[in-house]
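Fold and contact review
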Amino acid sequence: MKIKKLKEYKLKGKRRISPRNQIVIGDNLYSAFIFDKGDTSNSRIICLDICTFEEKWTYDYDFIINKIMKSPISNNIVSVCMDGRVEEIDLLEGQLIKEIDLNVNRCGFPSVIVDNKIVTGGIQGSTQTTCIDLKDFKIEWEFDTDGHSYTPLISAGQVYQCTENYLRCLDLNTGSLIWKVKEASTYLLKAEKFKDLILASGHGLINFYHKHNGRLIKQLRTQTDALDSVIRYITTNEENIYFSDHSGSIYAYECIYLDQYNIETKLLWVFKSDGEIESQLKLYKDYLVFANSNKNLSIINRHTGEECSAVRLKESAEICDILLGEDGSIIIAYEKGYISKFLVGW
C-alpha cells in the first residue's frame, strides 16, 4: 500500500494554529482553524477548490469557532462559536447571512445536525445546554446541566450528553430529562451509539448503557485513571469498537451483542503508536486511518492491528481532522495551519 501526496495548503502569518474540522460541499473544501492574535484566540474558515487547493475565500471570526457544518436547509455553512454565537455563512462568497446569540458565556462542540436541530452544551463556567432550530434560526429549548458538558449525541429523537461525571438522556423535541446516570471514578467525555446501547468514554474506561433507561450493562477498563489513558473518541461498526487513548495506544474490541442487557467484549489487538493521538480514528473498509504527534499519518489493518502504510507530515498532528474519499483520497488538516491531500492505493 502506497500513500502519494497530491496537494498541500498552508495558512501563513498566524501563531499557534490548530485545526477544528473540515467539510466538503460540491467542489469545495471548507476548513476551520483557530490561532492566536495578540492575547486572544481567533478563527478562520478557508474555502479551497477540492481539486486544485486554490483558495477561493476566507472568513475571519474574532473568537473561537468550535465547528462548521453544512446546513440541511440552505446548503450554506453553519458555524458554532465558543462565545455562544451560531452563524450562517454563504458557501460561495464567504459572507455572513444571519446569526443567533445563545445567551451563554461559553459553549462547547455542538452535536451533528439532526432534524434541522443542533444541540450544544455549556463549558468553562457556563452550564446551559441549548437546542437550536436551524429552520427558524431560534432557540427551541434550554436545559441546565450544572456542569461542564462535552459534545452531545443525537440519536432516535434523544440527546445523550456527558457532563463531568454524568451522562444524561434528554428528549430532542422538548429538552426534558429522560434519565441520568453517574460514573464516580472519572469524567465521561463522549457518547457514541452502538446497537441499542450508548457508549461513554472516560479515563481508561468505556461504559455500555442501555439507551432507553441508562442501565449500566458493562464496563470495559484499559488501564488506570491517568492522563495518558484519556479516551476522547470511540469508532464503531456493526461488530467492533476502536479507540485510542492519549498515550497513542489503539485498541480493537469485538463486541458480541447477546441481547439488550447482555454484551460480551473480547480484546482483538493493541497497536502502540509512536506519538500521542487526540483525534478520532477514521474507519475505511478494512482499515483505520489516524495521525499522531510524531508527524505520522498512518493506516493500519482493522482486523489485525498491523500497520499497512505511513507517511510523514510537516508538523504534529496530535490534533487533526481527517476526511476520507471514496476515490481513495485522504485530506488531513493539522497543526500549524496545514491541509494536505493524499491518494492511497488501497
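Up top you'll find the structure we're talking about.
Below, the structure is looked at part by part. (Residues numbered from 1 in each chain as written. Predicted model: local features only at pLDDT ≥ 70, side-chain atom pairs only at ≥ 80, totals over all residues. Heavy atoms only, no water.)

Counting 20 residues, the largest nonpolar core has Tyr30, Ile45, Trp57, Ile65, Ile68 and Ile77 as its most contacted members. Counting residues in hydrophobic clusters, the runner-up holds 17 residues, among them Val289, Ala291, Ile299 and Val344. (Core = buried A, V, L, I, M, F, W, Y, C linked by side-chain atoms within 4.5 Å. Buried < 20%, exposed > 50% of the residue type's maximum accessible area, 1.4 Å probe, protein only.)

The sheet built from four strands is open, its strands ordered E17-E18-E19-E20 with antiparallel pairing. Each of the sheet's edge strands pairs with one partner strand only, and the pair in question is strand E17 (190-194) and strand E20 (216-221). Going across the sheet, the axis of each strand differs from the next one's by a mean of 20°, ignoring polarity. Judged from the five bridges that link them, strand E19 (residues 205-210) and E20 form a sheet pairing that is antiparallel. Counted as the bridge partner of Tyr209 is Leu216 from E20. (Pairing = 2+ DSSP bridges. Helix = DSSP H or I, 4+ residues; strand = E, 2+ residues; numbered from the N terminus. Axes fitted to C-alpha atoms, helices over the stretch in contact; angles between N-to-C directions.)

The next point concerns the packing of aromatic side chains. Inspection of the entire model under this criterion finds seven aromatic pairs. With a centroid separation of 6.0 Å and 45° between ring planes, the pair formed by Tyr160 and Trp179 is classed as tilted. A residue pair is termed long-range when its members are at least 10 positions apart, and Tyr160 in strand E14 (residues 158-163) and Trp179 in strand E16 (residues 177-182) qualify at 19 residues. You can call Trp179 buried: its relative accessible area is 7%. Ring centres of Phe243 and Tyr253 lie 6.0 Å apart, and the angle between their planes is 5°; this geometry places the pair in the stacked category. Here the residue Phe243 occupies a position in strand E22 (residues 240-244), and Tyr253 occupies one in strand E23 (residues 249-259), the gap between them amounting to ten residues. Tyr253 shares its class with Phe243; the two are buried. In this structure an aromatic cluster arises from ring pairing among Phe243, Tyr251 and Tyr253. Lying over the aromatic face of Tyr166, Lys180 brings its terminal NZ or CZ to 5.0 Å of the ring centre. (Phe/Tyr/Trp six-rings, centres within 6.5 Å; stacked < 30°, edge-to-face > 60°. Lys NZ or Arg CZ within 6 Å of the ring centre and 35° of its normal.)

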